[in-house]
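Remarks on the overall topology
Single-letter residue listing:
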Amino acid sequence: MLHNDPIAALTPEVIEWQRHIHANPELGFNEQETARFVAEKLRAFGFEEVHEGIGGTGVVGVLRSGTSARAIGLRAELDALPVVERTDLPHASRNPGVMHACGHDGHIAMLLGAARLLSQSRAFDGTVCFVFQPAEENEGGSMRMIEDGLFKRFPVEAMYAVHNWPGVRLGTIAARVGPQMAAVDTFELTFEGLGAHAAMPQLGDDPILAAGAFVQAVQRIVSRSVDPQSALVVSLTQIHGGNVGNIVPGKVWLQGTCRFFEPGHSDHCERLIGEIARGVATAHSLNATLDYKKGYPPLINTADATARAIEAAAVTVGRENVSTEFSPSLGCEDFAFMVREAGGCYAWIGVGDVGPREGLHGDRYVFNDEIVPTVLRYYLNLVEQTLPGKTPEAAR
């Protein structure tokens, strides 16, 4: 790397920002200090347009250069997770029970770094919207920003985002046309009847028995109701019932999730889960109540935006280190709402292999600093190639 490379010069400061954000994590829609930090940095970089409070705590910085009316958006996430940190890092969370265990702290810092470099170089012709969204993890903060007029106020031709990705080789950027992350629905189910003494079960009903039957029966949705080549996961994640060792409870509550890429699977799962629940309840003389919630849609990268992202990635890390043929993840990502609305591309940045509890959402997760210059260079190449203007310097 060149001695006067501005990316190399800025990288230590970007890492300092990541450390600060990591030490001060905030949960979704409560990212007040994180949003304030972002807005202050953007203003310090010379941004004349910094918009706060979009969709709750969202921040948008607008950077204009040249005369073109074209515009693109770059996005990072503000929120942390309700996780007790066990890394023993000197910059570990100072907020007990809250941790940046997914790398959003690094994503924020790297997007701020790109904002600073582009504000200095102005090596593009058009507009770049730097979108810092709240509540990615579970609350759908990107949809809240859209409902609050994100794309009406800041129209763009495409949105771009990156996510550090354990399990992908360090130095690799991965993006594919089509689905990259799955849709997610959740459901809650209650079986309810009469409780009874464990020694006299004939005097009541047994929702625990019904819950066991449901757990087995619901898997026929995956194994017998959809094409085996069409990815679908139905997982039960919680079962709660009873609190005394000698009483059969009158109620059992279950929670689960469905993950898929085919949008039609949502209605299919809702219908069959309801049918199975009602059938099990009838067989056990119980009542069943189902609350099925449709969540994030699948994240479908659009062709034009992905082609630009892949080209920028190839310039950044070499075409041999760009992966476009891989299996999408059944994890979910609410950037899907932004891509569905405006088109765009979501790319994985490889961080190498990790150990138990060190991956995404693990309590020993540690952000890999080595990806910082790669992501900064990727962002600059993406902007400067998509909105070509004067000769770029920092991306060289």
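Residue positions within a chain follow its written sequence, with the count starting from 1. Residues qualify for local features only when their pLDDT is at least 70, as the model is predicted, and side-chain atom pairs are given and counted only at 80 or more; totals for whole chains, interfaces and linings, by contrast, use all residues. Side-chain measures here rest on the full set of heavy atoms in the structure, leaving out hydrogens and waters.

- The protein chain has the name Peptidase M20 in an unreviewed UniProt entry, where Mesorhizobium sanjuanii is given as its organism.

Considering the state of the cysteines
- Here, the term disulfide refers to a pair of cysteine sulfur atoms separated by no more than 2.5 Å. Enumeration according to the criterion identifies zero disulfides in this entry.
- Cys258 carries a free sulfur, and the closest cysteine sulfur to it, the one in Cys269, is 4.0 Å from it.
- Left without a disulfide partner, Cys332 is nearest to the cysteine sulfur of Cys102, which lies 10 Å away.

Overview of the environment of Glu157
- Counting from the N terminus, the helices are DSSP H or I runs at least four residues long and the strands are E runs at least two residues long. One can find Glu157 in the loop between α5 (150-153) and β5 (159-165).
- In terms of polar contacts, Glu157 uses its side chain to reach the side chain of Arg70, at 2.7 Å. What qualifies as a polar contact is a pair of N or O atoms within 3.5 Å, subject to a donor-acceptor requirement within protein and to the restriction that residues adjacent in sequence count only when both atoms come from side chains.

Re the packing of aromatic side chains
- Note on aromatic pairs: the rings of Phe, Tyr and Trp (six-membered ring only in Trp) are paired at centre separations within 6.5 Å, and the planes decide the class, stacked below 30 degrees, edge-to-face beyond 60, tilted for the rest. Evaluated as defined, the whole model comprises nine aromatic pairs.
- Measuring from centroid to centroid gives 6.4 Å for Phe187 and Tyr292, while their planes differ by 0°, and the two rings are stacked. Taken together, the residues Phe187 in strand β8 (residues 183-192) and Tyr292 in strand β13 (residues 287-294) connect sequence positions 105 residues apart. For the pair Phe187 and Tyr292, one class covers both residues: buried. Three exposure classes are used, based on accessible area relative to the maximum for each residue type with a 1.4 Å probe and protein chains only: buried under 20%, partly exposed in between, and exposed over 50%.

Let's talk about the UniProt feature "binding site: Mn(2+)" (unreviewed entry) in the protein chain
- UniProt positions are given in the numbering used here, feature names are shortened, and annotations may be inferred rather than shown by experiment. Mapped onto this structure's residue numbering, the UniProt feature "binding site: Mn(2+)" (unreviewed entry) falls at Cys102, His104, Glu137, His163 and His361. These residues run over 260 residues, yet every pair of their C-alpha atoms falls within 13.0 Å of each other.
- Tracing the chain through its elements places Cys102 in the loop between β3 (71-77) and α3 (104-121).
- The contacts of Cys102, once residues within four sequence positions are left out, are Leu81, His107, Glu137, His163, Asn164, Leu360, His361 and Tyr365.
- Structurally, His361 is set in the loop between β16 (344-350) and α11 (372-386).
- On the basis of relative accessibility, which here comes to 40%, the residue His361 falls in the partly exposed class.
- In this description, contact between two residues means that some pair of their heavy atoms is separated by no more than 4.5 Å. Beyond its immediate chain neighbours, meaning those up to four positions away, His361 contacts Leu81, Val83, Ala101, Cys102 and Glu137.

Quick word on the UniProt feature "domain: Peptidase M20 dimerisation" (unreviewed entry) in the protein chain
- Mapped onto this structure's residue numbering, the UniProt feature "domain: Peptidase M20 dimerisation" (unreviewed entry) falls at residues 186-266.
- Counted over residues 186-266, helix gives 22% and strand 38%. Its end C-alpha atoms are 10 Å apart.

As for the domain arrangement of the protein chain
- Domain extents, as shown, originate in an automatic or database domain assignment. Segmentation of the protein chain into domains returns domain 1 (6-180 + 298-386) and domain 2 (183-295).
- Placing the centre of domain 1 and that of domain 2 at their C-alpha centroids yields a distance of 37 Å.
- The partner domain 2 presents nine residues to the eight residues of domain 1 that form the contact.
- Taking both partners together, domain 1 and domain 2 bury about 710 Å²; carbon and sulfur atoms supply 77% of that area.
- Two parts placed together each lose some accessible area under a 1.4 Å probe, and adding up what both lose gives the buried area. When residues of domain 1 are sorted by the area they lose upon contact with domain 2, Pro298, Leu330 and Cys332 head the list and together hold 73% of the total.
- Every case where a carboxyl oxygen of Asp or Glu lies within 4 Å of a side-chain nitrogen of Lys or Arg is listed as a salt bridge. In this structure, the connection of domain 1 to domain 2 is made through zero salt bridges.
- Summed over the shared surface of domain 1 and domain 2, the result is one residue pair in polar contact (both at pLDDT 80 or more).
- Charged residues are taken to be Asp, Glu, Lys and Arg, nonpolar residues to be Ala, Val, Leu, Ile, Met, Phe, Trp, Tyr, Cys and Pro, and polar residues to be all remaining types, Gly included. Its residues placed into classes, the side of domain 1 that touches domain 2 shows six nonpolar, two polar and no charged.

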